[in-house]
Every structure is written in C-alpha cells, then in structure tokens.
Amino acid sequence: IMVVQWILEAVKWRFLVSKIERISLARAVQAVLAGITGSSFLPNRTGEFLGRIYMLKRAGRIQGTLVTLVGSMSQLLVTVAAGSAALAFFLPAAFPTQPFGHGYLYFSVTIPAVMLSLLMLVLYFRVSLLGVAFERLFRKRFRPVRRFLAVLNRYRQRELAAVLLLSLARYALFTAQFQLLLRLFGVMIPYPQAMMLIALVYFIMAIIPTVALTELGVRGSVAVYIFGLWMEATAGPAGSGAAVFAASTLLWFINIGIPALLGIPFVFRLQFFRKPAP
C-alpha cells in the first residue's frame, strides 16, 4: 500500500508539473522520495517542495513551487474536509453530556471547520484567484510576479477535479493502512468508527506545526488521546493506548521513514547540489 500511494502522489505531481515541464514517471517518483527526505528537517513537510522543484531541469523554481502547492492544497483539502465531517460525529460521541457534544459550543466548533473546508474547495477550483489577490496586495510591484502566477491559469476545473480524485485515493489508502495496523495490534474498532477517528487524527496533525522527525511522537500522542476519548465515552472495544501508539508509530516508519531513506541517494542528485560547469 505504501508503494501504491506514493506512486499515486508521483502521478499527481507529474500531471501537475506537465504544464511547465515534461518528466518521466520514474523521475517523478525520485522527486517525491527526495521531497520526503527533505521534509524530515523542515516544518510541516515544506521540504517536499525543495526536493521536488530542484528535480526539474528547465522549469522555473517559482513556477515549480506554485505547481507543487496546487497538489499539496488538494491533499490538504481532502484531509480537512474528512476531518471536519469526522469532528461533527466525534464530539457528540466523545462528550455526550458536555457542551462540546451539543448546543452552541458544538456548532461553534463544527461550523468553522465546515466553512474552512468550503473555503478551501472554492479556492482550489478557483486557484487563479491567488493571482488577483497578489495583484491587489502588491499593485505596482505585481508585474514581475504576474508571469510566474500565470501558470495557475493553465489548469481547467476538470484537471483540478482529477487531481483531487488522486488525492482522495491516496487518503483512502493511508487511512486503510492505519486501520489494518490497528487490527494488527489488537484494536478491534468497527470500520466506520475507526475511519472517523483516523480522519480526526489526520485533521489535527494537519494543523499542528511539526517536523517529520518530531511528528513521530506527536502523531502517536494525538492518536492515543483521540482513541482514548472515544473508547472511554462509548465503552468501545478493548484497545490499549500502547497499541494505538504502536500502530501510529509503525505507520510513520512505513510511510515516512522508509521512503525518506530511499530518497537519500536522489537528494544528492538534485540540481541544488550540482556545481556549475567550468
């Protein structure tokens, strides 16, 4: 599953970057792996941008960054939308007698989350609005930037929808991984409830600033807390916090640790490290 989901990410990035440069699928996979390696040292996976754009030979760095940003935005949109829906179902179950489970406090939490999802959806399918925002913000200084932002106008809504579907497929794969690992460690939660809890964990992780190396402990702690709240409130199936932490940790090693090691050789092939020809 790890191999399939990272190949999907490479296919998605290759499709997006085809607007500025044609690359092979093998090179796209190398760029994705190099990006994972780079993200191990920078917050919230920002290293993925460096690992990918410096794999490009002819396209401009700024355009490559903007194209990569579109792909990251599509994945974040899926994560936030799924997490918002999970939040709406989780709060009443975890806090049945608390204000978080019903009433005004419940809606004050869920409505902003849903509104954020809708706002991201609109911005994603109208990504060219970023150019309008920059023009109004910088005005006279915008002209040098305009030629870089023009790449965002090259994507049709049908193409953006295809990218979003690829992101959704990736999301389905790594949530399925988490569910399988939970069962491996004896946490027998029914599939719908497990998907709700996993979606909420990924949602929280998306809004917490972390570096990939520290994400290992943070993700495990978040997972233990969320699963613990649900089990305590619903008298759910037996499953210790240690088992949840073990599943989350192993998932990190599978999806981040192993690809980061595989990406090390490609990092030193990036144009960023190459010396100019004499």
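Whatever comes next refers back to the structure up there.
Note that the coordinates shown come from a computational prediction; the quantities given were computed from them, not determined experimentally.

Here is what the cut-offs are and how they apply
Residues numbered from 1 in each chain as written. Predicted model: local features only at pLDDT ≥ 70, side-chain atom pairs only at ≥ 80, totals over all residues. Heavy atoms only, no water. Helix = DSSP H or I, 4+ residues; strand = E, 2+ residues; numbered from the N terminus. Buried < 20%, exposed > 50% of the residue type's maximum accessible area, 1.4 Å probe, protein only. Contact = heavy atoms within 4.5 Å. Phe/Tyr/Trp six-rings, centres within 6.5 Å; stacked < 30°, edge-to-face > 60°. Lys NZ or Arg CZ within 6 Å of the ring centre and 35° of its normal. Patch = residues over 30% accessible without salt bridge, like charges linked within 9 Å, V, L, I, M, F, W, Y side chains within 5 Å. Areas by Shrake-Rupley, 256 points an atom, 1.4 Å probe, with all protein chains shown as cover. Salt bridge = Lys/Arg side-chain N within 4 Å of Asp/Glu carboxyl O. Axes fitted to C-alpha atoms, helices over the stretch in contact; angles between N-to-C directions. Parallel < 35°, antiparallel > 145°, perpendicular 65-115°, else oblique. Left-handed = near helix turned anticlockwise from the far one by under 90°. Nonpolar A, V, L, I, M, F, W, Y, C, P; charged D, E, K, R; others polar.

### Some thoughts on the side chain of Ser 74
With respect to the helices and strands, Ser 74 occurs in helix H4 (residues 61-94). By relative accessible area, which is 0% here, Ser 74 ends up buried. When neighbours within four sequence positions are excluded, Ser 74 is seen to be in contact with Lys 12, Tyr 124, Val 163, Leu 164 and Ser 167.

### Describing the packing of aromatic side chains
Under the defined criterion, the tally for this structure stands at eight aromatic pairs. Judged by centre distance (5.1 Å) and plane angle (80°), the ring pair of Tyr 124 and Phe 125 falls under edge-to-face. Note on Tyr 171 and Phe 174: the rings are 5.4 Å apart at their centroids and 70° apart in plane angle, and the pair reads as edge-to-face. Residue Tyr 171 and its partner Phe 174 are both found in helix H8 (residues 157-184); the two are separated by three residues, about one turn of the helix. Connected via pairs of aromatic rings, a cluster forms that spans Tyr 171, Phe 174, Phe 178, Tyr 202 and Phe 227. Over the ring of Trp 6 we find Arg 170, and its NZ or CZ is 4.5 Å from the ring centre.

### Some thoughts on a nonpolar patch on the surface
On the surface, Phe 107, Ile 111, Val 114, Met 115, Leu 118 and Leu 121 cluster together into a nonpolar patch covering about 540 Å² of accessible area. Mapped onto the elements, Leu 121 comes out in helix H5 (residues 103-125).

### Concerning the pattern of salt bridges
A full pass over the atoms with the stated rule returns four salt bridges. The salt bridge partner of Glu 9 is Arg 52, with a shortest N-O separation of 2.9 Å. Here Arg 52 lies in helix H3 (residues 47-53) and Glu 9 lies in helix H1 (residues 2-17), a separation of 43 residues in the sequence. You'll find Glu 9 and Arg 52 in the same group, each marked buried.

### Here's the deal with the packing of H1 against helix H2 (residues 25-39)
At a closest axis distance of 8 Å, the pairing of H1 and H2 adopts a crossing angle of 110°. Considering the angle they form, H1 stands roughly perpendicular to H2. Both H1 and H2 take part in a crossing whose hand is right-handed. Contacts between H1 and H2 involve Trp 6, Glu 9, Ala 10, Val 11, Trp 13 and Arg 14 from the first element and Leu 25, Ala 28, Val 29, Ala 31, Val 32 and Ile 36 from the second. Counted by class, the contact of H1 with H2 contains 10 nonpolar, no polar and two charged residues.

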